[in-house]
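Structural overview
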Amino acid sequence: MEMPKEELRSICQLIYEAHQIPVYYVNTLGEVEYEISTSDMRRNPYDVPFKQQISLYSNEEDPNDFPIFFSNSNLNFFFINLKLENHFLGSIIAGPVLELEISDANISKIVDAFKGNVNKRKLIDYYHSVPIIDKQQLLAISLLMYFLIYRKKLDKSFVIQNNHELNLVNIESENLDLELSNGRRNLIFHSNLSYERVLLDYVKHGQKDKLKDIFDYSIIGEAELGLLSKRNRLRSEKNLMITGIALVCRAAIEGGLNDELAFTLSDFYIQQLEELGSLKAILKLTEEAISDFTNRVHQLNEAKYSAPITACQNYIYNHLYGDISLDHLAEICHLSPNYLSSLFKKEVGISISEFIQQLRIDEAKKLLDLTNYSISEIGTFLNFNDQSYFIKTFKKHTGLTPKQYRGRDRGTGSLSQL
């Protein structure tokens, strides 16, 4: 693409004037350098956070050379990356548009997701300022804009097919379930404080069934946290997600999750984030982390172990690297050793020794994944009598020896192993 910025802006202006679709130019720093939209939209308080959020959809790591479509909160968009000889020059984002006039039910759903912490009148005004353009017409506009920028004609079916393969919005489909993947960029890190409180409340109370609604309608916000690193957008996104995981970790602890387990989970996800090289992967992993913490709190609420068993489990979680004896656990719980053993097996379904062994193997998996300690060192740390016993026990629980586990393809590992 060799085109002066003035000519590019003229194309954006013509597209806007012909179709009344808002158009934004996002530079290489992820900043909206200019926008062409109605004055009503620009005056609305939801316009500023909206622009900051949609700018995250375009990025220099995206190799695709065609319009990419995405949706959020019933709003549809596309973006075209600007590249010259593999150099990223920014992106053009067109949207939002509605396929149909938004219903009162959908407006109410958005408001409900924020427990009423939304100015409903201004939110309705915002949606009323959005042009109504069906998906086929939006596809045609994207092909026209791409042709004007690159002087290259794209086949309509090619664009539809490739957007489908990217798990973004399929232009010919009415399947709105795909909106979930497009809400990942916003989460609690680019939204208002009321949104953050709602999400953290869901984590704290283990309300896993509520997460989808809060993810779907993450675009609305008034006070944005913004970028933490303007020079590197990938670094910025990592910083924001790390902050978010720390907040979610604290909320889960408040909800009853063992603090040592929660902090270990947090460390695991943060280290995984640091290894990732694309925004899509970072955002996907962050959503998995939030869901994981929420599910664990939910499971605790479902289990409802008695106070002695909960105290016993918490002690075991916190002393995996030490010597744990039945007599000491019984003393902590103020029960006889025999009664504690019987009660534990009745409530948890396995013996205390099996429970300890299972947790130590889970801990060993994390050490194998995240550290360079030798297999013998890890076995010693976790109080296994000798290396052969450690290897035998590890294989019993995982189906692999510690060496096989460490040498496996990390890409096939499961985060649920923690």
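Treat the numbers as computed from the prediction; the structure is a model and nothing was measured.

1. Focus on the overall build of the protein
The helix and strand inventory of the protein stands at 20 helices and 5 strands. Every one of the 418 residues in the protein was classed for burial, and the buried ones make up 50%. Summed over its atoms, the accessible surface of the protein is roughly 19,700 Å², and 49% of this surface lies on carbon and sulfur atoms.

2. Looking at the pairing of strand S3 (residues 68–72)
Of all 5 residues that make up S3, 5 are buried, and the element is covered over most of its length. On S3, burial covers both faces: Ile68, Phe70 and Asn72 on one face and Phe69 and Ser71 on the other are all buried. Pairing geometry for S3 and strand S4 (residues 75–84), over 5 bridges, is antiparallel. Each residue of the ladder has a partner; that of Phe69, found in S4, is Phe78. The turn linking S3 back onto S4 is made up of 2 residues, and Ser73 within it adopts a positive phi angle of 55 degrees.

3. Quick word on the pattern of salt bridges
Proximity of charged atoms lets side chains of opposite charge pair with each other. Applying the stated criterion across every chain, the model contains 9 salt bridges. Notably, a salt bridge pairs Glu99 with Lys135, separated by 3.8 Å at the nearest N-O pair. On the criterion of sequence distance, the pair formed by Glu99 in the loop between strand S5 (87–97) and helix H4 (104–113) and Lys135 in helix H6 (residues 135–150) is long-range, its members being 36 residues apart. For Lys135, a relative accessible area of 7% gives the class buried.

4. Notes on the packing of helix H14 (residues 307–318) against helix H16 (residues 337–348)
Between two packed helices, the angle of one axis relative to the other and the distance separating the axes together describe the packing. Their axes nearest at 10 Å, the elements H14 and H16 cross at an angle of 90 degrees. On the basis of their axis angle, the class for H14 and H16 is roughly perpendicular. In this structure, H14 contributes Ile309, Cys312 and Gln313 to the contact, and H16 contributes Leu340, Leu343, Phe344, Glu347 and Val348.

5. With respect to H14
Compared with the 16 Å implied by 1.5 Å per residue over 12 residues, the 17 Å span of H14 between its first and last C-alpha is a close match. Turning to H14, its buried residues number three or more, namely Ile309, Cys312, Gln313, Tyr315 and Ile316. Take H14 and look down its axis: the buried residues cluster within an arc of 160 degrees, on one side only. Where H14 is buried, its residues touch helix H15 (326–333), H16 and helix H17 (352–370).

6. Comments concerning unusual backbone geometry
With omega at 10 degrees, the peptide bond leading from Gly95 into Pro96 counts as cis. With respect to the helices and strands, Pro96 occurs in strand S5. Positive phi is not limited to glycine here, since Gln20 has a value of about 60 degrees. Tracing the backbone shows Gln20 in the loop between helix H1 (5–19) and strand S1 (23–26). Its identity as a non-glycine residue notwithstanding, Arg151 has a phi of 55 degrees, on the positive side. You can see Arg151 is positioned in the loop between H6 and helix H7 (156–165). On the accessibility criterion, Arg151 (52% relative accessible area) is exposed.

7. Focus: H15
Among the residues of H15, those classed as buried are Leu329, Ala330 and Cys333. The buried residues of H15 occupy an angular sector of 100 degrees when the element is viewed end-on, so they sit on one face. Every exposed residue of H15 that faces more than 90 degrees away from the buried side is listed here: Asp327 and Glu331. The inward-facing, buried residues of H15 abut H14, H16 and H17. Immediately beyond the C-terminal end of H15, within one or two residues, lies His334, with a positive phi of roughly 60 degrees.

8. What to know about the sheet that holds S3
Strands in a sheet are paired, the pairing made by backbone hydrogen bonds, and the direction either parallel or antiparallel. Ordered in space as S2-S1-S5-S4-S3, the 5 strands form an open sheet in which the pairing is antiparallel. Every other strand in the sheet has two partners, leaving strand S2 (32–36) and S3 as the edge strands with one partner each. Strand-to-strand twist of the sheet, defined as the mean angle between neighbouring strand axes without regard to direction, takes the value 20 degrees. Relative to S5, S4 is paired through 8 bridges, and the arrangement is antiparallel. Within the sheet, the bridge partner assigned to Phe79 lies in S5 and is Ile93.

9. Section: the nonpolar core
Core analysis: the largest hydrophobic core is formed by 48 residues, its most contacted members being Ile21, Phe78, Ile92, Tyr127, Met145 and Ile149. Leaving out residues up to four positions away in the same chain, Ile92 has contacts with Leu8, Cys12, Val23, Tyr24, Tyr25, Tyr34, Phe78, Phe79, Ile80, Leu82, Met145 and Ile149.

10. A look at the pairing of S5
For S5, the buried fraction is high: 9 of the 11 residues fall into the buried class. Taken together, the 4 bridges between S1 and S5 define a ladder with antiparallel strand orientation. Considered in S5, the bridge of Tyr25 is made with Ile92.

What counts, and where the lines are drawn
- Residues numbered from 1 in each chain as written.
- Predicted model: local features only at pLDDT ≥ 70, side-chain atom pairs only at ≥ 80, totals over all residues.
- Heavy atoms only, no water.
- Helix = DSSP H or I, 4+ residues; strand = E, 2+ residues; numbered from the N terminus.
- Buried < 20%, exposed > 50% of the residue type's maximum accessible area, 1.4 Å probe, protein only.
- Areas by Shrake-Rupley, 256 points an atom, 1.4 Å probe, with all protein chains shown as cover.
- Pairing = 2+ DSSP bridges.
- Salt bridge = Lys/Arg side-chain N within 4 Å of Asp/Glu carboxyl O.
- Axes fitted to C-alpha atoms, helices over the stretch in contact; angles between N-to-C directions.
- Parallel < 35°, antiparallel > 145°, perpendicular 65-115°, else oblique.
- Contact = heavy atoms within 4.5 Å.
- Expected span 1.5 Å × (residues − 1).
- Arc of directions from axis to C-beta.
- Core = buried A, V, L, I, M, F, W, Y, C linked by side-chain atoms within 4.5 Å.

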